[in-house]
Amino acid sequence: MNMPAINFRLIFRSDDNMKNKNQMTKGELAVELNLKVDDPALVRKRQISDPVQWHNSRPLPSIVEISESGTCNRACSFCPRSAPEFLDKKEFIDINLINKLALNLAEVSYQGLILFSGFVEPLLDKNIALHVKNFKELLPDCRVEMVTNGDPITIKNLNKLDEAGLDALLISCYDGEHQINEISALARNSNMDLSKLVFRKRWFSEEENFGISLSNRGGLMETAEFSISNLNEALEKPCNYPAHTFFMDYTGEVLMCAHDWGKKAIVGNMKENNFLDIWNGRRFSALRKNLLKGNRRFSPCDVCNVDGTRMGNEHAKAWNSLNADRLR
């Protein structure tokens, strides 16, 4: 199913208990804004993350996200990459690691979303179309999507992605409306179906949250250009991310959460283990169970300000039901 392009808008609700914005730190303000934002893109995200696929009486992730390199061509102010100590590594994922993950997912007849995104710009990888093709050939019932800042888009790589079977290209436009026009012109001269392009307006001002759902990226934004403080106390609120997302870095490391830019909670490595062994493993299961109960009192979740209940509620219900059955 092709999803329409979604425009982002902010709706602020009055709240007598909300601090005056001028009295807040950026971290506090980001939390307030995220809790009071109406993001139409969430409708699309929930359509993807809500369906629950089961294997051997356990839920599978609805999203398998891959951060397939260590590099990006931008360092946006609201990204940890703008911090002076953040290292950009021009290293790319081994194709054998991609093939292993694809084969592991084929063994469980995976039908969810493969998402090339993470902490990087996927189109900088010369093998990215080949990676897409491998997943589409081995997993005919899954969707493969990609998030890009649009800078590396050419007619040539649009044609390669289209031939590989990419289902959607989500383009985050940070500079202005002209990017949509320029990229659309390229696409009209390519074989790519324009309906596969999802433009995301990300050129809003700091006061408008840049057009995104801001977070402190698991506590890695204190020294970024747009500094967001770490929380002094852990939120007492459940988080669904480990219930519906499997996140693999280009090193093979599997992170508990896509917001863990500091890679503090590594639950396994695909170079050493298989997909199911990690997803159902003891460490991933323990962290997932704690977060679903609202226990964030461990690193990096104790300093993270993400509202983890905006997606994946059906997966949370499934895991909670499974955990409850085991206690009976």
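See above for the structure.
Residues numbered from 1 in each chain as written. Predicted model: local features only at pLDDT ≥ 70, side-chain atom pairs only at ≥ 80, totals over all residues. Heavy atoms only, no water.

Visitor: So what exactly am I meant to see when it comes to the sheet that holds strand 12 (residues 266–269) here?
Guide: Hydrogen bonding along the main chain pairs the strands of a sheet, whether they run parallel or antiparallel. Reading across the sheet, the eight strands line up as 9-8-7-6-3-10-11-12 and stay open at both edges, with mixed pairing between neighbours. Only two strands of the sheet have a single partner each, and these edge strands are strand 9 (197–201) and strand 12. Pairwise comparison of adjacent strand axes, ignoring direction, gives a mean angle of 25° for this sheet. Bridging between strand 10 (residues 245–249) and strand 11 (residues 253–255) involves two bridges; their strand directions are antiparallel. (Pairing = 2+ DSSP bridges. Helix = DSSP H or I, 4+ residues; strand = E, 2+ residues; numbered from the N terminus. Axes fitted to C-alpha atoms, helices over the stretch in contact; angles between N-to-C directions.)

Visitor: Could you clarify how one ought to interpret helix 3 (residues 95–107) in this entry?
Guide: Because the α-helix completes a turn every 3.6 residues, residues three or four places apart line up on one side. End to end, helix 3 covers 19 Å across 13 residues, agreeing with the expected 18 Å (1.5 Å per residue, within 8%). Every buried residue of helix 3 is listed here: Leu97, Ile98, Leu101, Ala102, Asn104 and Leu105. Along the axis of helix 3, the buried residues cluster in a sector spanning 160°; they form a single face. Looking at helix 3, the residues exposed on the side facing more than 90 degrees away from the buried face are Asn96 and Glu107. For helix 3, the secondary structure elements touched by its buried residues are strand 3 (63–67), strand 6 (113–116), helix 4 (128–138), strand 10 and helix 8 (275–279). Two residues or fewer past helix 3, Ser109 is found with a positive phi of approximately 50°. (Expected span 1.5 Å × (residues − 1). Buried < 20%, exposed > 50% of the residue type's maximum accessible area, 1.4 Å probe, protein only. Arc of directions from axis to C-beta. Contact = heavy atoms within 4.5 Å.)

Visitor: What's the story with the packing of aromatic side chains in this structure? I'm lost.
Guide: Any pair of aromatic rings gets described here by the distance separating the centres and the angle formed by the planes. Across all of its chains, the model carries eleven aromatic pairs by this definition. Aromatic side chains Phe78 and Tyr174 sit 5.8 Å apart centroid to centroid with 45° between the ring planes, which places their arrangement in the tilted category. With Phe78 in the loop between strand 4 (69–70) and strand 5 (89–92) and Tyr174 in the loop between strand 8 (168–173) and helix 6 (177–188), the pair connects residues that are 96 residues apart, well separated along the chain. Relative to Phe135, the ring of Phe116 has its centre 6.0 Å away and its plane inclined at 65°; by these criteria the two rings are edge-to-face. Of this pair, Phe116 sits in strand 6 while Phe135 sits in helix 4, placing them 19 residues apart in sequence. Overall, the relative accessible area of 0% leaves Phe135 in the buried class. Across the ring face of Phe284, the terminal group of Arg288 is positioned such that the distance to the ring centre comes to 4.6 Å. For Arg288, the ring lying beneath its charged end belongs to Trp319, and the centroid distance is 4.1 Å. (Phe/Tyr/Trp six-rings, centres within 6.5 Å; stacked < 30°, edge-to-face > 60°. Lys NZ or Arg CZ within 6 Å of the ring centre and 35° of its normal.)

Visitor: Can you walk me through the state of the cysteines in this structure?
Guide: Each disulfide consists of one covalent bond between the sulfur atoms belonging to two cysteines. Summed over the entire model, instances satisfying the criterion amount to zero disulfides. Of all cysteine sulfurs, the one in Cys304 lies closest to Cys301, which takes part in no disulfide; the gap is 6.4 Å. (Disulfide = S-S within 2.5 Å.)

Visitor: So what exactly am I meant to see when it comes to helix 9 (residues 282–292) here?
Guide: Listed as buried for helix 9 are Phe284, Leu287, Arg288, Leu291 and Leu292. Projected down its long axis, helix 9 carries its buried residues within an arc of 130°, all on one side. Immediately downstream of helix 9, the backbone of Gly294 shows phi near 90°, a positive value.

Visitor: Help me understand the pairing of strand 7 (residues 143–148) in this model?
Guide: The side chains of a regular strand alternate, first on one face of the sheet and then on the other. Of all six residues in strand 7, six are buried; the element is thus mostly enclosed. Residues Arg143, Glu145 and Val147 point to one face of strand 7 and Val144, Met146 and Thr148 to the other, with burial holding for every one of them. Note: strand 6 against strand 7, four bridges, orientation parallel. By the bridge assignment for strand 7, Ile114 is matched with Val144. Read from strand 6 through helix 4 to strand 7, the crossover connection turns out right-handed. Bridge analysis of strand 7 against strand 8 gives four bridges, and the strand direction is parallel. Each residue of the ladder has a partner; that of Glu145, found in strand 8, is Ala168. In terms of handedness, the path from strand 7 via helix 5 (residues 155–164) over to strand 8 forms a crossover that is right-handed. (Right-handed = clockwise from strand over helix to strand, strands pointing away.)

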